[in-house]
2 protein chains.
Amino acid sequence: VAVRIAVDLLGGDGAPAVVVDGALRACGTDPDLFLLLVGPTEVADEVVAALPPQDRPRVAVRGVRNAVGMADSPLRAVRTDTTVRAAIAAIVDGRADAVVSAGASGAAVTAAVHGLGRLPGVRRPALAATLPGLTRPVVLLDLGAGTEATAAVLVQHAALGAAYASVAHDLAAPRVGLLSIGGEEGKGDRLRRAADTVLAGIPMPAGAVYVGPVEGYDVALGGPADVVVTDGFTGNVLLKGIEGAYALATGHHRVSDPPLTVPRAATLLGVGGTVVVCHGAATGPDVASGIGLAARLHRLDVTSRLAAAARAQTVAEVRT
Amino acid sequence: VAVRIAVDLLGGDGAPAVVVDGALRACGTDPDLFLLLVGPTEVADEVVAALPPQDRPRVAVRGVRNAVGMADSPLRAVRTDTTVRAAIAAIVDGRADAVVSAGASGAAVTAAVHGLGRLPGVRRPALAATLPGLTRPVVLLDLGAGTEATAAVLVQHAALGAAYASVAHDLAAPRVGLLSIGGEEGKGDRLRRAADTVLAGIPMPAGAVYVGPVEGYDVALGGPADVVVTDGFTGNVLLKGIEGAYALATGHHRVSDPPLTVPRAATLLGVGGTVVVCHGAATGPDVASGIGLAARLHRLDVTSRLAAAARAQTVAEVRT
């Protein structure tokens with residue numbers, strides 16, 4: 001099925017070079033992929049020129065010159081005509097099916113919430129990524145779309161994460177865990193104890209099962225849960241800690257085949273469209289795999305399925 | 001210099017066997033080490049019987065039969081005559097210089113605060129451990145002595161961590177970082193932004209320098225800071241996440257020489273005595289190295305030096 005991805009040419013530490021590289025790689029691997037390149041026209045023209053002539057009609061260009069830097073306020077994303085805002089607008093206008101950006105995640109979240117809106121009943125969107133695990137993948141969320149969570153936000157993110165795992169990893173009954181610091185009852189901080197009580201009492205969407213508290217160990221290694229929910233501060237710290245641990249393992253031991261890496265792309269859950277945010281230090285292959293992920297999620301109709309999960313969960317909450 | 005360590009024979013998943021093993025190993029490596037074994041007399045007698053006759057006078061026994069299980073409330077540690085309470089009491093009575101336990105850390109913290117008191121000006125103690133880092137060690141705290149932190153608690157723990165790094169790692173000017181999710185100004189949650197403002201405005205004890213926000217990556221890999229301060233929830237999740245990442249690296253790649261491990265012992269900072277808590281899944285060598293750490297810290301006079309740092313920091317806070 002043909003899918004059209006709007007790509008933010010000015011997002012990321014290595015932009016635009018690595019984004020151009022990633023876009024070319026993505027076109028090479030998926031013949032049904034169409035790209036809308038959002039950025040300076042001369043940069044987009046480079047991509048077009050580098051493609052075989054028969055592939056050139058697959059690439060369209062939207063000329064935008066402003067970017068959101070890592071040190072800028074995320075609000076810059078919506079206050080000026082930035083690449084990330086224009087990419088999101090392409091979904092709204094019906095010219096793209098999904099967006100990929102390697103820019104500041106705060107800017108992408110702000111632009112997406114502003115342009116696409118939240119799914120009905122969703123208070124705050126969440127960034128989710130899939131870690132490898134020893135035998136099965138683990139979806140971790142939130143990775144920093146928000147920094148202050150309440151029990152209600154954690155509960156909602158648990159439902160979004162369950163639905164995402166069900167779609168993205170084709171799981172019939174995802175096991176959902178709450179990140180805490182000890183599996184025993186009464187362990188954890190006030191926020192986790194409150195969320196645990198709610199999660200234990202309401203049904204999960206997508207056939208998911210709440211398995212209770214899990215620990216940091218279980219996120220990196222996998223095992224007890226397919227989905228682990230936490231606040232955006234803790235999730236971001238944990239993901240970057242695991243990333244640093246792999247870097248140390250690689251540095252000390254020359255472990256490199258296959259390389260141990262944390263996911264280099266996260267999906268924004270809870271907004272009215274498919275948005276993938278790549279790691280700021282993404283390479284060309286990382287951007288290409290982010291584009292591939294966005295295309296796959298669109299083909300799986302992830303946004304409607306997440307909307308259904310959010311609706312089901314809102315109904316469950318009202319009933320309890 | 002002779003040093004007397006009270007050892008909790010009933011703490012940890014593998015107790016008493018691994019604690020007995022650890023005690024014997026510790027006696028074998030340090031001729032100036034004296035042990036007070038706190039636990040069932042028949043278990044302690046095993047250690048004594050396994051020692052060469054000339055070493056037996058180095059071991060004393062205090063018979064206690066109650067333990068605090070991982071699922072018990074930490075308050076059990078002080079409400080009944082438990083091994084961890086009796087070990088702490090040995091410091092108070094002058095029969096031991098330091099305590100080592102591989103039992104529930106909450107129980108050890110409760111027993112220590114109850115028996116030894118807090119250092120003057122210290123609101124809450126913190127558990128600190130040293131991670132390897134690529135080129136230099138990194139002290140991370142709090143690892144879960146508390147779960148709800150305020151900016152004032154983070155600031156105080158920054159001072160305790162700085163003093164600890166100065167003593168334990170002989171650093172003249174430890175660099176102290178605040179764990180957050182982005183180095184740029186304005187990033188992080190409300191708690192971190194508030195703590196950052198205070199930390200940037202007051203002097204650090206022990207010649208330490210506050211270097212600002214650092215990320216999860218920097219804890220595992222090291223680099224920008226010698227000491228990283230965070231709340232006990234995040235610190236515990238991060239340490240266990242790094243542990244899981246190493247386990248995954250080892251499992252996938254058979255990396256084992258030298259083994260990548262997180263620290264298996266943490267030091268309780270801010271109480272009136274030297275207390276080392278080993279990982280619940282500690283092995284005999286882990287317990288022996290926890291005993292070695294406790295002996296080294298006592299010889300370095302860590303408690304008085306932390307008390308001086310806490311005093312200096314209280315004065316600095318009053319002045320600002």
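Residues numbered from 1 in each chain as written. Chains lettered and ligands numbered in written order. Predicted model: local features only at pLDDT ≥ 70, side-chain atom pairs only at ≥ 80, totals over all residues. Heavy atoms only, no water.

Trainee: Could you give an account of the interface of chain B and chain A, with specific residues and numbers?
Mentor: Tallying the contact residues gives 42 residues for chain B and 42 residues for chain A. Between chain B and chain A lies a buried interface of about 3800 Å² when both sides are counted; carbon and sulfur atoms form 72% of it. Scanning the region where chain B abuts chain A turns up 4 salt bridges. Across the pair R190 of chain A and E148 of chain B runs a salt bridge, and its minimum N-O distance is 3.6 Å. Linking chain B with chain A are 6 residue pairs in polar contact (both at pLDDT 80 or more), by the criterion used here. Contributing elements (two or more residues each) for the side of chain B that touches chain A: α7 (190-201), α8 (216-221) and α9 (232-253) of chain B. (Contact = heavy atoms within 4.5 Å. Buried area = accessible area lost by both parts, 1.4 Å probe. Salt bridge = Lys/Arg side-chain N within 4 Å of Asp/Glu carboxyl O. Polar contact = N/O pair within 3.5 Å; in protein donor to acceptor, adjacent residues only side chain to side chain. Helix = DSSP H or I, 4+ residues; strand = E, 2+ residues; numbered from the N terminus.)

Trainee: Now, about the nonpolar core: what can you tell me, with residues and values included?
Mentor: The biggest cluster of nonpolar side chains holds 106 residues, and the ones touching the most others in it are I242 of chain A together with I242 of chain B. V155, A165, L199 and V287 of chain B belong to the second-largest nonpolar core, a separate cluster that totals 67 residues. (Core = buried A, V, L, I, M, F, W, Y, C linked by side-chain atoms within 4.5 Å. Buried < 20%, exposed > 50% of the residue type's maximum accessible area, 1.4 Å probe, protein only.)

Trainee: Give a description of the packing of helix α1 (residues 17-29) of chain A against helix α10 (residues 284-299) of chain A that names residues and reports values.
Mentor: Residue and element names in this part refer to chain A. Closest axis-to-axis distance for the α1/α10 pair is 7 Å, and the angle between their directions is 50 degrees. Here α10 runs oblique to α1, going by the angle between their axes. Handedness of the crossing formed by α1 with α10: right-handed. Together, V18, V19, D21, G22, A23, R25 and A26 of α1 and G284, P285, V287, A288 and I291 of α10 make up the contact between the two elements. Residues that form the contact of α1 with α10 fall into these classes: 8 nonpolar, 2 polar and 2 charged. (Axes fitted to C-alpha atoms, helices over the stretch in contact; angles between N-to-C directions. Parallel < 35°, antiparallel > 145°, perpendicular 65-115°, else oblique. Left-handed = near helix turned anticlockwise from the far one by under 90°. Nonpolar A, V, L, I, M, F, W, Y, C, P; charged D, E, K, R; others polar.)

Trainee: Go over the sheet that holds strand β6 (residues 138-141) of chain B with me, naming the residues and quoting the values.
Mentor: Residues and elements named next belong to chain B. The sheet built from 11 strands is open, its strands ordered β3-β2-β1-β4-β11-β10-β5-β6-β9-β7-β8 with mixed pairing. Because the sheet does not close on itself, it has two edges, and the strands there are β3 (59-63) and β8 (209-214). Each strand axis lies, on average, 25 degrees off the axis of its neighbour in the sheet, ignoring direction. Where strand β7 (residues 175-179) and β8 come together, 5 bridges link them in parallel fashion. Bridge pairing in β8 links G177 to G212. Contacts from helix α10 (residues 284-299) reach β1 (3-8), β2 (33-39), β4 (98-101), β10 (265-269) and β11 (274-278), with the element oriented near 160 degrees to β11. (Pairing = 2+ DSSP bridges.)

Trainee: Before we move on, could you go through the environment of G280 of chain A and cite the residues and values that matter?
Mentor: All names here are of chain A. Among the secondary structure elements, G280 is positioned in the loop between β11 (274-278) and α10. On the accessibility criterion, G280 (16% relative accessible area) is buried. Ignoring anything within four residues of it in the chain, the contact list for G280 reads G12, D13, G14, M70 and A102.

Trainee: Lay out α10 of chain A with the relevant residues and their values.
Mentor: Residue and element names in this part refer to chain A. Compared with an ideal rise of 1.5 Å per residue, which puts 16 residues at 22 Å, α10 spans 23 Å between its outermost C-alpha atoms and is within 8% of the ideal. Within α10 the residues assigned to the buried category are G284, D286, V287, A288, G290, I291, L293, A294, A295 and L297. Of the residues flanking the end of α10, it is D301, one or two places downstream, whose phi is positive at about 60 degrees. (Expected span 1.5 Å × (residues − 1).)

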